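Structure at a glance
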Amino acid sequence: MINLIPETFDEQLWSRMVEQLVAEKASILIVPDTSMYLPHQAAWQQYARRLQTVVMPPRLLTLLDWTKRFGSPDWDAQQLSRVLTWAQQLQSTPQLAQWLGANQKNHQDVASVLSAAQRLVALSDELTLHLLPQFGVDAIVEGSAFLSEVVSQTYQNHAGSWASDELNVLLECWRLDVVMIPPVMQFLNVLSEMAVDERAPQSLYVLRNRPWFAYEQWFYEYYAQHHDVHVFDVTTIRSRAVSDGVAECAQRAWDDAQERILAKPNETGQKQQVEHGVLWSAPHPEDEAWAVVQQVLRWREGGLRRIAIVALDRAVSRRVWSQLLHCGVAVRDDTGWLLSTSRLATSWHDGLAVWMQDASADELLSWLAHPAVYAHEPQIKSLLWRYLKDVALRQDVVLKGWHNWQQAVRRCPPSKLLRDEADTKECDLQALAMEFLAKALVAKKQLSRSRPLSAWADVLIEWAKDFGLWQGWQTEAAGDAGAVWLQMLQLWRVDETSVLLDLAAVMRVMNAEVERATFRAHDASDEVLLLPLGSTRMREFDAVWILGADETHLPAPSESASLLNTAVRTKLGLPNVVANQEQVRRDFMDLLVSTPRVHGSFCETTNGQPNAPSSWWRQWLRASGQSVQSLQLDWRECATQTAAASAADIRYCLPDTVSASDLNQLSACPYQYYVQRGLGIRERALPTEDVSPAMIGNLWHAVLAGFHERRGEVDDGQILVEVIDEQLSPLCAENPRYWVVRENFLSWIHAYVAWWHNREQQGWRVSASELAISVEHDAFDETLGQTGLSLKWKGKLDQLDTREQFDDLTGTCALQAAVIDYKTNDAVAVREKFLKPIKRGDDIQLAFYIHLLHGHSQNTVVQAGYVGVSKLAVNESQKPHEGSNTYPQAWLNQDEAGDGAALEQAAAQLHQQVGETFTRMLKGEPLVAMGELRACAYCAVRGVCRKGYTKSAVS
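None of these values were measured; they are calculated from a predicted model.

Parameters and conventions
Residues numbered from 1 in each chain as written. Predicted model: local features only at pLDDT ≥ 70, side-chain atom pairs only at ≥ 80, totals over all residues. Heavy atoms only, no water. Salt bridge = Lys/Arg side-chain N within 4 Å of Asp/Glu carboxyl O. Buried < 20%, exposed > 50% of the residue type's maximum accessible area, 1.4 Å probe, protein only. Pairing = 2+ DSSP bridges. Helix = DSSP H or I, 4+ residues; strand = E, 2+ residues; numbered from the N terminus. Contact = heavy atoms within 4.5 Å. Axes fitted to C-alpha atoms, helices over the stretch in contact; angles between N-to-C directions. Phe/Tyr/Trp six-rings, centres within 6.5 Å; stacked < 30°, edge-to-face > 60°. Lys NZ or Arg CZ within 6 Å of the ring centre and 35° of its normal. pLDDT = per-residue confidence, 0-100.

Below, the discussion takes up the pattern of salt bridges. Proximity of charged atoms lets side chains of opposite charge pair with each other. Applying the stated criterion across every chain yields a total of 29 salt bridges. With its nearest N and O atoms 3.2 Å apart, the salt bridge here joins arginine 920 to glutamate 925. Residue classification places arginine 920 among the partly exposed positions, given a relative accessible area of 38%. On the basis of relative accessible area, glutamate 925 is assigned to the partly exposed category, the value being 39%. Within the structure, one salt-bridge network assembled from shared partners comprises Arg306, Glu540 and Asp542.

Encoded structure:
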């Protein structure tokens, strides 16, 4: 039997709960989330101070943490084998993949398919967690039947349709997933065993401040059959108990704010001003962040200590955290961790993780870049980091293992630039790197042994001193957080226990020690909390500022419900958008009516577009008779040092070669072309095991080249399968991500073979694959005057086809040519990315290849186009620029029987434009930054081009 204890949240709620838990001698309290830890701990401290005695509080746990004590794993854990299994299923169900986010434009992309598979795993876990408890943990058949019935009824009632094949695939994959006993099934099994476990408490106390999920309802009812379950049912808060209406809540909150603020003088003895529900608009994120910092400092000067910043906009919250830290204000997250301590923790936690694993390049360099590592020698550290990164970039595979690092450093001496810089600091960079790696190997041996805690303290101190962490923890910037680590290690050195611990166990002990030293109740300290909106439930604050209170963040955008729409999810009892939005609205209203000082802010523009305030907050403002206010910051006029947008002169570093990609880059953003092609500065990334679209494209080109070389031996489809296995099998053995690529390639075979057979019927044969051509044009010298310069055109044609065409008038056969550029895009992407530029006359690549071919051979080019990939059957269809069938293709000529005149004209026009453009550049015409703003966000040159900045007048 479940005993419901109705409660209303007010200032005395936690005190009442504490007294009842003491009276009932409760041993455990289950809470919805970890944000309850702080107010619970504060209430127990107050209770102990009032009684002037030591009080042992009950254990406070979430349901998931409680099951972990009985052997349950994290039920939301993701396993690579599960994701790959789902990814293979998605290859045969493209519509299902599309519904899961891998739509027609990108579902061949490896990252997109894996992301869709992860979403499908999450959906399977949702069904298991929320559906099976209604019928029994093992009732997969009943759960599947109920799901099918709900889907059919819902779609029938809404006059819609449902793809039954995709539903059957989902059910089959779900059954297979459940049979494999995923973590969520283990979680449910542990829950069912806990109710009858002799270690379980006879009286269980539960705090509920939201409706239970299906698995929670099932578990507590099942537990109540064997033990007592007492539920503190907190359904309302004091200020909202009268009415849920916005107007009534606004008036009640305003009256409460006046009563609580005006009647209480601040530390200076003056009455304070009522500031409740104020919404500010800021022209820029920096202005918004600085206004928050100023207000927080004023609140603290007025004696307020329980201050919270609700972070809806991460970009602004990071600025606020940084500026408050510079002002000497410590900021904690919603669990009570000091954020500066968390940042310092990565210096040892990530470092020890590098030694526990295989010292891969990305992990090692990421740790080495931490401010606390080699803090006493920042210049030497910078050189070492750049040199090791350069060594890693020169490798063909991801660099792992300390011995492999040593061999790589021996093979790769520093570049001249690094050597010269190291000489100025009188150090041998290669010897410095070898010394670093030698210390790392010694540390590897030391950290791999088991020893008592006191011995571990000496080892960790020595490790910290070898790599500069010990000095970094003692710096002023580390502050109290650094003192925590130093004090902890000193205490370990005098520990007398003899239990042997390995490194993993030591790290767990270290985590617990840091938590004990830095985890404090918010009510007992004066730090500022930075937390999400949901973590404000059942918490009391003196003042709150809500960042990002605009339409984009409040309410947050509703995410897609994936395969199951909102109506189905609601009937199944799954979390859905409507319920989530209602919970957010309740949290927002509760915060407004329970906190005496609430401010909000938003930025007036986002990415250059106007930004509107939150509709919920506008409703509140209308009910309370307020309006949006503009931030008025204290400004000082000063001489600006901001230069105008960059305009580069490339005539002294004008390239003497040009490719199709160069011309595309020059057309999109001249300044990017100047930096990357003129100056030769390019972004260099570390080797990674991810499969990029460029890698997939190169593999597909190699597969098709091998296919056309071996045709005639057996069936065309069988040849493609063999070539794909030859190309992909070694890669799959080294990197499991290539299995998805292999499945994609196999699914493209049937459509490609059908398309190629249709092309053969038109007389086309492959003349060359991966044909590299380089042509130097003397005519370009004339456009440059008497400079003696020339421009070399170079490129690689994916495929050159030829056919003989009989001329009835002359009675002779002429050899015609066709240029094909293969793309790993489907029909929608081919039309969007390639067909539209062709129709607009903006395509550069095909005209470039035609011009190249003219300098290489005398064949008449009558076709040039892009050819994509498809899993669908090829049917006849005649459309301009799209060939005679439905296979993804975009041709420069309108029809396949063209005479080549339009192609000749496009090539000649491109040659003329290139000549004129390079002539102007040689004469000193500046190259400016003119790329699209949405593309600029991903450009490596964005930091130096100064696009969008203006030169202000000096005051």
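A word on the sheet that holds strand β8 (residues 331-332). Taken in spatial order, the 7 strands make up an open sheet running β8-β9-β7-β10-β11-β6-β14, and their pairing is parallel. Both edges of this open sheet fall to β8 and β14 (629-630), since each of them pairs with a single strand only. Pairing analysis gives 2 bridges linking β8 to strand β9 (residues 528-531), with the strands arranged parallel. Of the residues in β9, the one forming a bridge with arginine 332 is leucine 529. The sheet strands contacting helix α12 (residues 285-301) are β6 (276-282), β7 (307-311), β9, β10 (543-547) and β11 (598-603), and the helix crosses β10 at an angle near 175 degrees. Contacts from helix α25 (residues 577-594) reach β6, β7, β10 and β11, with the element oriented near 145 degrees to β10.

Leave glycine aside and you will find that most residues have negative phi; peptide bonds, for their part, are mostly trans. At lysine 25, a position not held by glycine, the phi torsion is positive, near 55 degrees. Among the structural elements, lysine 25 can be located in the loop between α1 (13-24) and β2 (28-31). Classification of lysine 25 by relative accessible area gives exposed; the value is 76%. Non-glycine residue glutamate 770 carries a positive phi angle of around 50 degrees. Among the secondary structure elements, glutamate 770 is positioned in strand β17 (residues 765-777). On the basis of relative accessibility, which here comes to 30%, the residue glutamate 770 falls in the partly exposed class.

Within the structure shown, the criterion is met by 36 aromatic pairs. Look at tryptophan 66 and phenylalanine 70: their rings are 6.1 Å apart centre to centre, the planes differ by 85 degrees, and that puts the pair in the edge-to-face class. Assessed through its relative accessible area of 18%, phenylalanine 70 is described here as buried. One Lys or Arg, arginine 208, reaches over the ring of tryptophan 212 and ends 4.4 Å from the middle of that ring. The aromatic ring of tryptophan 456 is capped on one face by arginine 451, whose charged end is 4.9 Å from the ring centroid.

On any regular strand, side chains alternate: one points to one face of the sheet, the next to the other face. Counting buried positions over the 5 residues of β7 gives 4, a clear majority of the element. As paired elements, β7 and β10 share 5 bridges and run parallel to each other. By the bridge assignment, valine 310 is partnered in β10 with isoleucine 546. In this structure, β7 lies alongside β9, joined through 3 bridges in parallel fashion. Bridge pairing in β9 links isoleucine 309 to leucine 530.

This part is about the confidence of the model for the protein. Should the pLDDT be low somewhere, the predicted coordinates at that spot are not to be read in detail. Looking at the protein, pLDDT values average 77 and 75% of them are 70 or higher. Overall, residues 103-108 carries pLDDT values under 50, and its contacts beyond four positions in sequence, including any with other chains, amount to 21 contacts. In this model residues 950-955 is a low-confidence stretch, pLDDT under 50, and it forms 12 contacts with partners more than four residues away in sequence or in other chains.

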